Amino acid sequence: MEKKASAKQIFLYSIINYIGTAIGIISTVLIYPKDKALLGTVRYVDNISQLLFPIMVLGASHALIKFYPALNEQKQKQLFNYSIFSISIISFLVFAGIIIYTGTNRDENNYLYYFAFPIAVSLAFIELFRKQAQDLQKLAVPTLYEKIIPKVVLPLAFLLFLHQYISETESILYYTVCYLVIFILTAVYLFRHFKPGFNYRFKTLFGEISRRDYFRYSLYAFAGSLGSLLAFRIDGIVIFNLISEEANGTFSIGVSLASVLQIPAVGMFALYAPIVSGHLKAENFTELQKKYVEVAKLLFCVGAILYCCIFLGIDNLFRLMPTYENIKDSIPIIIILSLSVLINMATGFNSEIITYSKYYRFNLIAICILILLNVSLNLYFIYSLNLGIAGVAYASFISMTLFNISKLIFIYKKFKLLPLDKAFGFMALIFIVSTLVIYFLPDTDNHLIDLIYKTALSLIINITLLYKLKLVYQVNVWIDKAIGFIK
């Protein structure tokens, strides 16, 4: 039942994300390039809120998954209530800190923090509610709210601004309000399926689990989450402050389109987190190894198929757009960042294994190194090599690749688990050779024809070889079902 529920939720999660991404791509290609300065400002607000909300959560969402297997149903509800209480208190302290900071620092962009704060509060509670929904295997509906609503509201606000119906400040305000709406809708949905009650006497809870262990884990999870977001979001902050708002908008377009690849991975990692936590608690490493390889292989297969299509077709696709001149600078960013995403997918749920094991402290060490490496490479590529936003993309790719390799090595040393097998080598060879051959095939004078025939040829060759060689079990199952349905 668990496996079936997980598969259904992963499918729904992916479909919702693809719909949201499709809306985002249309906006990214046709609307956002018309005012990259506004896009850069919105992304800057978004980056600030993404850095603030882990402080408010303070590791509570990860602790929810970590300690759930050790608690009965009543104590699980108490733990959820404690998480709500702690987020509320810390959010108030963060707001006080913002008031003090903006009062002493006379920066012309200080007002943006007051847009970022309510977004951050909303994200903090949404994160907690999603973790609870994740444990209930009911992640699809909260994902629908989170992935669709902002993708609709932001382009509408852009269009209203471009036609001078609203100001830039009002555009950002609408974007802020949409997250408050998501927070309310997610809460209503969760509490319809989960009744935690209002028990805020937590002595019995911490009689069941060690208060010291809880806070130690929460603080490490918080540091890891904050560091991770800083490492992944620092690009937008660096570009906004060291290059320009327009460059930040261009980079944001590349990030948005590169994120298409990671949609299946995000869903699988989220829904497998409770399963990984349970296997680690029971020390069931045989089953964990099996899932580790299975998920990594499937994600690498799906990601590589999509990456080949992006690599072969992105330029022809953009040339068909009326905004080509405004978005062409994003092409190398998309290629580089997509490869980084692909490598992350190929390493499976390594972060989840470390996060929910007794070695969770390693995440903090690895992320601190990642931040230092990312910042150093950014400064080197921007100032020494003068590579601009391409340098930022290269810095992100190098640091993320080394980050994932370090986690693989650590997991193998501690658990003797490895997500890679011989099939990975065969798949990598197939994807590289087929892509190079197709890339050097002659072009026609029609960008639409080139787009269709090269991406279609890539899909046919790669999927056929994967199926014939039986390299990924799930791919053969899907294709056999499709053939049976057609017959």
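Residues numbered from 1 in each chain as written. Predicted model: local features only at pLDDT ≥ 70, side-chain atom pairs only at ≥ 80, totals over all residues. Heavy atoms only, no water.

## Here we look at helix 16 (residues 361–384)
End to end, helix 16 covers 34 Å across 24 residues, agreeing with the expected 34 Å (1.5 Å per residue, within 8%). Considered for burial, the residues of helix 16 that qualify are Phe362, Asn363, Ala366, Ile367, Leu370, Ile371, Asn374, Leu377, Asn378, Phe381 and Ile382. Just past helix 16, the residue Asn386 takes up positive phi, approximately 55°. (Helix = DSSP H or I, 4+ residues; strand = E, 2+ residues; numbered from the N terminus. Expected span 1.5 Å × (residues − 1). Buried < 20%, exposed > 50% of the residue type's maximum accessible area, 1.4 Å probe, protein only.)

## A few points about the confidence of the model for the protein chain
Mean pLDDT over the protein chain works out to 80, with 87% of the residues at or above the 70 mark. Note that residues 1–5 has pLDDT below 50 and, in this model, two contacts with residues that lie over four places away or in other chains. (pLDDT = per-residue confidence, 0-100. Contact = heavy atoms within 4.5 Å.)

## Regarding the environment of Trp478
Mapped onto the secondary structure, Trp478 falls in helix 20 (residues 473–486). Along the primary structure Trp478 and Tyr467 are separated by 11 residues, whereas in three dimensions their C-alpha atoms are 9.9 Å apart.

## A look at a positive patch on the surface
A contiguous patch of positive charge, built from Lys358, Lys413, Lys414 and Lys416, is present on the exposed surface. By the element assignment, Lys413 lies in helix 17 (residues 388–415). (Patch = residues over 30% accessible without salt bridge, like charges linked within 9 Å, V, L, I, M, F, W, Y side chains within 5 Å. Areas by Shrake-Rupley, 256 points an atom, 1.4 Å probe, with all protein chains shown as cover. Salt bridge = Lys/Arg side-chain N within 4 Å of Asp/Glu carboxyl O. Lys, Arg positive; Asp, Glu negative; His and termini not counted. Charge placed at Lys NZ, Arg CZ, Asp CG, Glu CD.)

## Observations concerning a nonpolar patch on the surface
Together, Leu160, Tyr165, Leu173, Tyr174, Val177, Leu180, Val181 and Leu185 make up a nonpolar patch on the protein surface, roughly 680 Å² of accessible area in all. Summarising the element assignment, Leu173 is placed in helix 7 (residues 168–193).

## Considerations on the packing of aromatic side chains
Applying the stated rule across the entire model yields 27 aromatic pairs. Ring centres of Tyr359 and Phe415 lie 5.6 Å apart, and the angle between their planes is 75°; on these two criteria the pair is classed as edge-to-face. Here Phe415 lies in helix 17 and Tyr359 lies in the loop between helix 15 (350–355) and helix 16, a separation of 56 residues in the sequence. Among the residues examined, Tyr359 registers a relative accessible area of 23% and is labelled partly exposed. On the accessibility criterion, Phe415 (13% relative accessible area) is buried. Centroid distance Tyr439 to Phe440: 5.1 Å. Interplanar angle 85°. Geometry classified as edge-to-face. With a relative accessible area of 43%, Tyr439 lands in the partly exposed category. By relative accessible area, which is 65% here, Phe440 ends up exposed. Taken together, the aromatic side chains of Phe80, Phe125, Phe129, Phe183, Phe191 and Phe194 make up a single cluster linked through ring pairs. Here Lys416 stacks its cationic end above the ring of Tyr412, 5.2 Å away from the centre of that ring. (Phe/Tyr/Trp six-rings, centres within 6.5 Å; stacked < 30°, edge-to-face > 60°. Lys NZ or Arg CZ within 6 Å of the ring centre and 35° of its normal.)

## Concerning the state of the cysteines
This model, assessed by the stated rule, comprises zero disulfides. The thiol of Cys308 is not disulfide-bonded; the next cysteine sulfur, from Cys309, is found 6.9 Å away. Take Cys308: its relative accessible area is 4%, and that puts it in the buried class. You can call Cys309 buried: its relative accessible area is 16%. (Disulfide = S-S within 2.5 Å.)

## A closer look at the environment of Pro33
Residue placement: Pro33 occurs in the loop between helix 1 (2–30) and helix 2 (36–57). The spatial distance from the C-alpha of Pro33 to the C-alpha of Glu325 is 9.3 Å, given a sequence separation of 292 residues.

## Observations concerning the packing of helix 2 against helix 4 (residues 73–104)
The contact between helix 2 and helix 4 brings their axes to 7 Å, and the two run at 135°. Taken together, the axis directions place helix 2 and helix 4 in an arrangement best described as oblique. Along its contact with helix 2, which presents Leu52, Ile55, Met56 and Val57, the element helix 4 presents Ser86, Ile87, Ile90, Ser91, Val94 and Ile98. Its residues placed into classes, the contact of helix 2 with helix 4 shows eight nonpolar, two polar and no charged. (Axes fitted to C-alpha atoms, helices over the stretch in contact; angles between N-to-C directions. Parallel < 35°, antiparallel > 145°, perpendicular 65-115°, else oblique. Nonpolar A, V, L, I, M, F, W, Y, C, P; charged D, E, K, R; others polar.)

## Remarks on the side chain of His279
Take His279: it is sitting in helix 11 (residues 263–282). Dropping the residues within four chain positions of it, His279 is found in contact with Asn284, Glu287 and Leu288.

## Side note on unusual backbone geometry
For Lys416, which is not a glycine, the phi torsion comes out positive at approximately 60°. Mapping Lys416 onto the fold places it in the loop between helix 17 and helix 18 (422–439). Residue Lys470 is not a glycine yet carries a positive backbone phi of 50°. In this fold, Lys470 is placed in the loop between helix 19 (447–469) and helix 20.

## So, the pattern of salt bridges
Within the structure shown, the criterion is met by five salt bridges. With its nearest N and O atoms 3.8 Å apart, the salt bridge here joins Glu127 to Arg130. With a gap of three residues between them, Glu127 and Arg130 both fall in helix 5 (residues 113–135), about one helical turn apart. We note that Glu127, like Arg130, is buried. Between Asp421 and Lys297 there is a salt bridge whose closest N-O contact spans 3.0 Å. With Asp421 in the loop between helix 17 and helix 18 and Lys297 in helix 12 (residues 285–319), this residue pair connects regions lying 124 residues apart in the sequence. Among the charged side chains, a network of salt bridges with common partners joins Glu127, Arg130 and Glu146.

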